[in-house]
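Working through the structure, step by step
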Amino acid sequence: MKMKFAYVGLLALALVSCGKKSSGLPEASSDYAVVTVQNSSADLNTAYPATIKGMQDTEIRPKVSGFITRVAVKEGDIVKAGQVLFTIDSEQYRAAVMQAKAQIAQIQSNIATQELNVKNRQMLNEKGITSSFDLESAKNSLSALRAQLAQAKAALISAQDNLNWCTVTSPSSGVVGEIPYRVGSLVSASSAQALTTVSNTAQAYVYFSITEKEALELSRNSGSLNEAIAKMPAVTLKLADGTIYNYPGKVSALSGVIDPTTGALTMRADFPNPQRLLHSGGTGNILMPAKTSNTLTIPQAATFEIQDKKFVYIVNGDNSVTAREIMVMTQNDGTNYIVTNGLKGGERIVVEGVSTLKAGTKIKPITLEQAAKNREKAAQNLKEGKM
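Residues numbered from 1 in each chain as written. Predicted model: local features only at pLDDT ≥ 70, side-chain atom pairs only at ≥ 80, totals over all residues. Heavy atoms only, no water.

Notes on the overall build of the protein
When helices and strands are tallied, the protein shows six helices and 19 strands. Its C-alpha radius of gyration of 41 Å places the protein more than 25% over the 21 Å reference for a compact globule of 387 residues. Taken along the three principal axes of its C-alpha coordinates, the protein extends 160 × 60 × 40 Å. Looking at the protein as a whole, 32% of its 387 residues are labelled buried. Summarising the internal contacts of the protein: among those between residues at least 6 apart in sequence, 74% fall at separations of at least 24. In the form shown here, the protein has an accessible surface area of approximately 23,500 Å², with 54% of it arising from carbon and sulfur atoms. (Helix = DSSP H or I, 4+ residues; strand = E, 2+ residues; numbered from the N terminus. Rg over C-alpha atoms; globule rule 2.2 N^0.38 Å. Buried < 20%, exposed > 50% of the residue type's maximum accessible area, 1.4 Å probe, protein only. Contact = heavy atoms within 4.5 Å. Areas by Shrake-Rupley, 256 points an atom, 1.4 Å probe, with all protein chains shown as cover.)

Describing the packing of aromatic side chains
Under the criterion given, the structure shown has five aromatic pairs. By way of ring pairs, the aromatic residues Tyr 245, Tyr 247 and Phe 271 are connected into one cluster. Just above the ring of Tyr 207 sits the side chain of Lys 53; from NZ or CZ to the centre is 5.7 Å. The aromatic ring of Tyr 205 is capped on one face by Arg 268, whose charged end is 3.9 Å from the ring centroid. (Phe/Tyr/Trp six-rings, centres within 6.5 Å; stacked < 30°, edge-to-face > 60°. Lys NZ or Arg CZ within 6 Å of the ring centre and 35° of its normal.)

Some remarks on the pairing of strand β16 (residues 321–328)
Of the strand pairs in this sheet, strand β15 (residues 309–315) and β16 are connected by six bridges, and their pairing is antiparallel. By the bridge assignment, Phe 311 is partnered in β16 with Glu 325. Joining the antiparallel neighbours β15 and β16 is a turn of five residues, in which Asn 319 adopts a positive phi near 70°. The pairing of β16 with strand β17 (residues 336–341) spans two bridges and is antiparallel. Within the sheet, the bridge partner assigned to Val 328 lies in β17 and is Val 339. (Pairing = 2+ DSSP bridges.)

Description of helix α4 (residues 212–222)
Where α4 is concerned, the buried positions are Glu 214, Ala 215 and Ser 222. Down the axis of α4, the sector holding all buried residues measures 100°, keeping them to one side. Counted as exposed and oriented over 90 degrees from the buried face of α4: Lys 213 and Arg 220. Just past α4, the residue Gly 223 takes up positive phi, approximately 100°. (Arc of directions from axis to C-beta.)

Here we look at the pairing of strand β5 (residues 84–88)
For a regular strand, the rule is simple: side chains alternate between the two faces of the sheet. Where burial is concerned, most of β5 is hidden: four out of the five residues are buried. Across three bridges, strand β3 (residues 66–71) lies against β5 in antiparallel orientation. Across the sheet, Arg 70 pairs through a bridge with Thr 87, a residue of β5. With three bridges joining them, β5 and strand β6 (residues 167–169) adopt antiparallel strand pairing. Bridging from a neighbouring strand, Thr 87 pairs with Thr 167 of β6.

Let's talk about the pattern of salt bridges
A complete count under the given rule lists eight salt bridges for this structure. The salt bridge involving Arg 182 is made with Glu 75; its shortest N-O contact spans 3.1 Å. Here Arg 182 is found in the loop between β7 (174–176) and β8 (186–187), whereas its partner Glu 75 is found in the loop between β3 and β4 (78–79), with 107 residues between them in sequence. Note that Arg 324 and Glu 347 form a salt bridge whose closest N and O atoms lie 2.9 Å from each other. With Arg 324 in strand β16 and Glu 347 in the loop between β17 and β18 (348–350), the pair connects residues that are 23 residues apart, well separated along the chain. On the basis of relative accessible area, Arg 324 is assigned to the partly exposed category, the value being 29%. Residue classification places Glu 347 among the buried positions, given a relative accessible area of 13%. (Salt bridge = Lys/Arg side-chain N within 4 Å of Asp/Glu carboxyl O.)

Digging into the environment of Gly 281
Here Gly 281 shows up in the loop between β12 (264–272) and β13 (283–299). For the pair Gly 281 and Ile 52, spaced 229 residues apart in sequence, the C-alpha to C-alpha distance is 5.5 Å.

What about unusual backbone geometry?
The residue Arg 276 is not glycine, and still its phi comes out positive at about 55°. Counting through the fold element by element, Arg 276 comes out in the loop between β12 and β13. Note on Arg 276: relative accessible area 28%, which makes it partly exposed. Phi angles above zero are rare outside glycine, and Gln 307 is one such case at about 55°. Examined against the element boundaries, Gln 307 turns out to sit in the loop between β14 (304–306) and β15. Here Gln 307 falls in the exposed class, since its relative accessible area comes to 75%.

Topic: the sheet that holds β6
If you trace the four strands from one edge of the open sheet to the other, you get β6-β5-β3-β8, paired in antiparallel fashion. One side of each edge strand has no neighbouring strand; the edge strands of this open sheet are β6 and β8. As paired elements, β3 and β8 share two bridges and run antiparallel to each other. For Phe 67, the partnering residue across the bridge sits in β8 and is Leu 186.

Some points on the packing of helix α2 (residues 91–126) against helix α3 (residues 132–164)
Where α2 contacts α3, the two axes come as close as 8 Å, and the packing angle between them is 165°. When the interaxial angle is binned, α2 and α3 end up roughly antiparallel. The interaxial crossing formed by α2 with α3 has left-handed handedness. Partitioned by chemical class, the residues of the contact of α2 with α3 number 18 nonpolar, 12 polar and eight charged. (Axes fitted to C-alpha atoms, helices over the stretch in contact; angles between N-to-C directions. Parallel < 35°, antiparallel > 145°, perpendicular 65-115°, else oblique. Left-handed = near helix turned anticlockwise from the far one by under 90°. Nonpolar A, V, L, I, M, F, W, Y, C, P; charged D, E, K, R; others polar.)

Worth remembering: the numbers are spatial, not functional.
Listed below in structure tokens is the structure:
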């Protein structure tokens with residue numbers, strides 16, 4: 001019986017040992033990719049989301065009410081200044097012009113009659129037959145008729161303008177946008193939608209935003225924002241499909257008001273558009289170059305933030321790590337930072353896995369190549385079910 005209990009105990013101990021061995025998790029690796037930072041030159045492109053507009057986007061709206069009788073253009077047509085776009089039913093406005101002309105003719109006839117009356121009263125007054133009051137009354141009537149004539153002429157001008165506005169022309173050269181109205185549509189100056197939009201895209205205006213902090217930095221470095229804009233190098237436009245636009249652009253303007261909702265200022269870059277490739281309403285990214293020399297460039301993945309301050313882990317001589325605050329340039333390419341303070345050439349920093357570290361931890365430094373091989377091996381083991 002004792003032998004039986006001993007056998008059962010050994011079997012249970014073996015099962016527990018095997019269970020612990022099979023269910024135990026691998027210990028966390030202390031391998032961390034480390035690089036030694038070195039002074040070098042860097043060419044960075046900072047990307048800013050941008051909106052494309054024509055140099056002149058003009059909404060075409062009717063000045064008179066009426067039914068559209070003709071649509072003379074199609075969406076996408078290139079038009080010249082003064083070209084006819086739409087015509088609006090003009091019958092009532094032609095009638096108004098004829099009425100105004102008839103009113104003028106009638107008043108002019110009345111004036112001629114009253115002028116004769118004034119001359120007659122003048123002659124009778126000189127002979128003492130009529131009083132001065134009668135003469136002055138006749139002159140006042142003549143003045144009133146002349147005032148009516150001026151008013152009628154103004155009405156004719158207004159009626160002629162309304163008639164002219166029945167033919168809607170383009171105020172500038174450009175490309176015709178969407179046309180929401182067709183023949184037979186009733187339109188007016190108060191219509192919710194414009195008849196269309198004509199965009200002059202011979203030159204494209206590309207708008208993007210910079211932060212208030214970036215604007216202050218530009219101003220301090222150049223003396224003023226105007227000087228900073230004048231010194232800015234040519235910029236590049238990355239289109240929505242990821243391709244780079246053939247022509248460089250020039251930053252030409254900066255808004256003087258900070259948007260209270262975003263805390264940003266709007267900048268404008270001008271691009272030539274001879275092939276009409278850029279369209280109003282399009283999007284892209286402005287790439288602003290920044291060339292530096294004798295600087296330290298580190299991967300953004302090597303940094304972590306605490307209360308908007310950036311830190312890296314310095315690897316000490318005994319391979320323990322220490323957190324240190326660094327300062328970086330505002331401009332960056334989305335992958336690297338240019339360090340302006342807090343690091344010096346020859347120091348070692350952790351460049352991968354910094355979120356799993358804490359100050360004082362001892363690590364095993366490895367190269368980026370070794371880290372890549374470790375990841376490949378781990379992925380293979382996971383695929384084969386070994387992890």
